[in-house]
Each structure stands twice: as C-alpha cells, then as structure tokens.
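Commentary on secondary and tertiary structure
Each chain, letter by letter, is given below.
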Amino acid sequence: MTPVRRRIQVGLPRMLAWLLLAFLFAPMLVVIPVSLTDRDYLSLPQHGLSLAHYLPLLDWSAGWLPSILTSFTTALAASFAATTVAAAYAIGAWVYVGRWPSFLRVVLLSPLIVPPIIYAVGIVRLWSRLGLLDSWIGVVIVHVMLAIPLAVLAIGASLSNLDPRIVQAARSLGARPPTIFARVILPNLASGIGAGAVLAFITSWDEITVTLFITSRRLVTLPRRIWTSIADSVDPTLAAIASVMLLATLLGLLVRVLFFERGRPARSTRKSLL
C-alpha cells in the first residue's frame, strides 16, 4: 500500500467524522453570539456585544430563576426516586432470574413505547381525580415514571457484566444479604447507577409534553417557561438561557475528562503489571 493511499484511508474517515460533528454542533453554537445581541429580538450583534439579555436570568421577578430552580429540584427528586426504584428492580430481577414474568419488562419499558401525547392524556384524567394537577409532587411522579426505563437499562447493562459467582462466593464465606448488597453488588454497579441517575435527571430536566398537560400557573418548569416565551414573543433571553445550558454541559464534560478519565490509564497499567 502506497503512503498516499494509506493517508487517504486514515484521513478520510477522520475528516468525515469532524464534518459530522460540525454539522451537529455548529447550529447550537450560533445561540452564543445571538445571546450577546444588542437588539430586542433574535439576531446577530450589529453594533456591539451586550449582556443585557442575561440579566433577566438573575432577576427573580422575571420568572426565569424560579423556573430554573423548579426544574432543578424536580429533576433532582425524580432522578433520586427513579434511580432507587430502577436499581431495586434491576437487582431483584438479576438475583431472582427466571422468577420475573416477561410481561413486567414490557410494562416497565412502556413509557418508551407509548407516544408522550397519548401518555399525557391518560395522566391528565388520572391526576384530575387524584387532585395532583399543577402540583410539584404530581410532576415528580410523572417524571419518575418516564425516567425509570432509562435508568433500568443503564443499571441492567452494568449487571450484565457482574459475575454471579462473586455473590455465591460471598455467601459461601458467610456474608449476610445486607453485607453482600452493600459490599459486593453496589460497588460493582456504581457506574451503572451513576449513568442511570444522569439519564433520569436529563429526562426530567427536558420533559415538556406531559408537563404542558398537567401544569398551568402554579408550577412552571424551565421547558414550560421556554415554550411559553416562544409562543408569546421571541425574546433573546431564550438564546441566553440556551447558552448557559450549553456552557454548563461543556463544562461538565470538561470536568469529567480532566478529573475522571485521567486516572484510568494508570489503573489499567497497574492491573496489567499485576
């Protein structure tokens, strides 16, 4: 194989990968200069940069900060509850394999199958009878039900890599079930539980369809606030909140790469030496 042909075979896939990433991320990066516009509508800056559209995000009376806090507390509670239920279900199905009817798995994954609009209509009728419409606990319960399937899939993926003989060895050495759960199963599921919690948090944070049906005025999450602002007026503050969320996501990825990925090669090298 000639050097030129080798370079083409290596460089072409890389170039296509970078073009695909640019195609996916370039539209999102446009919101950053739009958020710094000096106009009162969505547009690129014309006479200079301005931070005026970021100020409403810090003003409680503007409504954006309460919506952010509402979405954060709702997503945090839904993530904790969904991860707890998903971990209990996944571990129970793993320990008592063969005793769980297959239809339970279909029921568990049904929120991923049923269209959100159909799911929302059913929830509205049920929540109206239970008095949970436009309530924080009602929104949290819905978000938990929507997030459980994703959390179960993440935790189940970690369980698939766990050797059942480890639990059997712990039992043969006299370990009691609580000890096995705390010292054998949970440490091996840390990555899966963490991934499930993140997926549950993101699901709750971004959910809009069902929330529009079961909330009105008392409870306004950030997606609902964005939806209302788009329907009423095209405010550049929308670009500001989008820029903040984008930068927060990039910062989280940067922290993970710098602090969590750095130690992996050393650990793998040490294991190979042993």
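Treat the numbers as computed from the prediction; the structure is a model and nothing was measured. (Residues numbered from 1 in each chain as written. Predicted model: local features only at pLDDT ≥ 70, side-chain atom pairs only at ≥ 80, totals over all residues. Heavy atoms only, no water.)

1. Observations regarding the packing of helix α8 (residues 164–172) against helix α9 (residues 177–188)
Following both chains from N to C, one finds α8 and α9 inclined at 145 degrees, their axes separated by 10 Å at the closest point. Note on packing geometry: the crossing formed by α8 with α9 is right-handed. Judged by residue contacts, Ile 166, Val 167, Ala 170 and Arg 171 of α8 engage Ile 180, Val 184 and Ile 185 from α9. The residue inventory of the contact of α8 with α9, partitioned by class, reads six nonpolar, no polar and one charged. (Axes fitted to C-alpha atoms, helices over the stretch in contact; angles between N-to-C directions. Helix = DSSP H or I, 4+ residues; strand = E, 2+ residues; numbered from the N terminus. Left-handed = near helix turned anticlockwise from the far one by under 90°. Contact = heavy atoms within 4.5 Å. Nonpolar A, V, L, I, M, F, W, Y, C, P; charged D, E, K, R; others polar.)

2. A look at the environment of Leu 212
Along the chain, Leu 212 falls in helix α11 (residues 209–214). Separated by 44 residues in the primary sequence, Leu 212 and Gln 168 place their C-alpha atoms 49 Å from one another. The contact partners of Leu 212, leaving out residues within four places of it in the chain, are Arg 224 and Trp 227.

3. Focus: the UniProt feature "transmembrane region" (unreviewed entry) in the chain
UniProt tags residues 15–36, 64–91, 103–124, 136–159, 180–202 and 238–260 as "transmembrane region" (unreviewed entry). Note that residues 136–159 is 100% helix and 0% strand, and that its end C-alpha atoms are spaced 33 Å apart. Counted over residues 180–202, helix gives 96% and strand 0%. Its end C-alpha atoms are 31 Å apart. (UniProt positions renumbered as here; feature names shortened; annotations may be inferred.)

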